[in-house]
Amino acid sequence: MSAQRVDAIVIGSGQGGVPFAADLARAGKRVVLFERGRLGGSCINYGCTPSKAFLAAAHTAARARHGGPLGVRGDARVDFAAVMRRVRDVRDSFMDGVAKRLRSAGVRVIAAQASFGGERVVVGGGESLEAPLIVIDTGTSALVPPVPGLDGTGYLTNATFFDLVDLPASMIVMGGGYIGLELGQGLARCGADVHVVDPNPRVLSREEDDATQVLERALRADGMTLHLGCKAVEVSQRDGIFALRLDDGSELRSQALLVATGRRPNTEALSAGASGIELDSRGYVKIDERFATSCAGVYAIGDVAGQPAFTHVSWEDYRRLTAILAGEPRTRDDRVLAYSTFTEPQVARVGLTLEEAKKKGLRARAVTMPLEEVARAIEWGQEDGFFRLVVDDATEKIVGATLVGYETAELVHVILAHMEAGSTWHVLERSVHIHPTYAEGLPSLARKILQT
Ligand SMILES: Cc1cc2nc3c(=O)[nH]c(=O)nc-3n(C[C@H](O)[C@H](O)[C@H](O)COP(=O)(O)OP(=O)(O)OC[C@H]3O[C@@H](n4cnc5c(N)ncnc54)[C@H](O)[C@@H]3O)c2cc1C
């Protein structure tokens, strides 16, 4: 079959691929986008969108239940079927939005799995296409560990969790990372008995120790049981009940099992080698600082390129790649990265921790303010948490922050903006923030540097 020539091919309708394809098509190029699953990728269908719509319900229920210290008593009954119906409605409306966007831009969508059939030749859906510009944006999928007995059971992953209709009475979560904790806390707050199993001695093992301690207290207060430093060694399922044997000899039983033990790149079906595209030892597409793969004209963006796995990174990759292709001197590295775990409390991060800054050779120091010192937190009864700022003594610039508390994913953008602007901590210190807000704590936090 001889390949039909087009101007550009995008493989995967992830967060960067869709706007990239739409922009090119709007500029009059013949663009083809391959998608083997639901349009919009993980974020919209199996990730950010459904998880945050789900957490909106779960957190609302918990806020009502946790009102005791404020003098508010009552129980919140969760209509789980209605919660999940809304989650799927939101998800579907976002997916429809992506379909409309691609259609109105004039992108030709082929609903099929794509693979390389030669140098810059892509085959899929019975078609063979060739283009001088190809972008791989195929993302990642849940990594299922090789635990004996797990295969073939009806375990859940992030790809199937949002199809739940009935609330399971109990759920074991394998994995104490952000996906397992968000979905686990959400289900616990809807009324399930949730157990989290993780081989690390603490949850969110990449975050600072005191940040995870705050979170662990909150998860336990929601009735969750954390089995930390434990590995699952065997799984079985009988009469609809999962049994998980742990390496400490104990056994857990539950109605549902969620596997959230990491991600793997969606490259197994790509036959990347057919186009001379190199993968790293874990299967991620190797790229240089300008998103270029080892095959001229082929680029990779988002999770599949081993980038920090966040939607805003994939989207920003699209903007940077667009600029690079237009001849601008951008790279993928010069960005201030922030992210958050959307549990309650939230653990929001931007830039470097103190330890990371020191490892980079910076003469850095950190100041920390417990939320007990923030008026708004006391008024709202949300004092368990803290704000931490990391500064570089040589330049006096802010190089990072960790904010643990109520809705800190919003608040962290104050710090992000200062870092992006390159301002020193003095600018934050002399800013007059509104009283009484959580944000008001940030200039006070910077003021602590004067005392160190
Ligand atoms: C439960 C969960 C919650 C999350 N929450 C957040 C959050 O709150 N904030 C945040 O920033 N990030 C979050 N993420 C991460 C975020 O979803 C990803 O980082 C983001 O979706 C990555 O986008 P991407 O462009 O790399 O690819 P994806 O969005 O993964 O899209 C890749 C697409 O490529 C398709 N594809 C794969 N292989 C092929 C092929 N061979 N041919 C054709 N199509 C193919 C896939 O079907 C998929 O649709 C979450 C993830 C999960 C799982």
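Heads up: the structure comes first, above all this text.
Remember, it's a predicted structure, so these values are computed and weren't measured experimentally. (Residues numbered from 1 in each chain as written. Predicted model: local features only at pLDDT ≥ 70, side-chain atom pairs only at ≥ 80, totals over all residues. Heavy atoms only, no water.)

Participant: Can you lay out the packing of helix α3 (residues 48–65) against helix α4 (residues 80–105) for me, pointing to particular residues and giving the numbers?
Facilitator: The interhelical angle for the contact between α3 and α4, taken along N-to-C directions, is 145°, at an axis separation of 9 Å. Note on packing geometry: the crossing formed by α3 with α4 is right-handed. Note on element contacts: α4 touches α3 through Phe-80, Val-83, Met-84, Arg-86, Val-87, Val-90, Arg-91 and Phe-94, opposite Thr-49, Pro-50, Ala-53, Phe-54 and Ala-57. Here the contact of α3 with α4 is built from residues that sort into 10 nonpolar, 1 polar and 2 charged. (Axes fitted to C-alpha atoms, helices over the stretch in contact; angles between N-to-C directions. Helix = DSSP H or I, 4+ residues; strand = E, 2+ residues; numbered from the N terminus. Left-handed = near helix turned anticlockwise from the far one by under 90°. Contact = heavy atoms within 4.5 Å. Nonpolar A, V, L, I, M, F, W, Y, C, P; charged D, E, K, R; others polar.)

Participant: Lay out the state of the cysteines in plain terms, naming residues and giving numbers.
Facilitator: All told, the structure shown has 0 disulfides when counted by the stated rule. Free of any disulfide, Cys-190 has its nearest neighbouring cysteine sulfur in Cys-48, separated by 19 Å. A relative accessible area of 5% means that Cys-190 is categorised as buried. (Disulfide = S-S within 2.5 Å. Buried < 20%, exposed > 50% of the residue type's maximum accessible area, 1.4 Å probe, protein only.)

Participant: Which residues make up the sheet that holds strand β15 (residues 251–254), and what values go with them?
Facilitator: In spatial order, the strands read β13-β14-β15; together these 3 strands make up an open sheet with antiparallel pairing. The sheet terminates laterally at β13 (232–238) and β15, the two strands that pair on one side only. Across the sheet, the mean angle separating the axes of adjacent strands is 20° when strand polarity is ignored. Bridging between strand β14 (residues 241–246) and β15 involves 4 bridges; their strand directions are antiparallel. For Phe-242, the partnering residue across the bridge sits in β15 and is Ser-254. (Pairing = 2+ DSSP bridges.)

Limitation: the analysis is restricted to geometry and does not speak to function.
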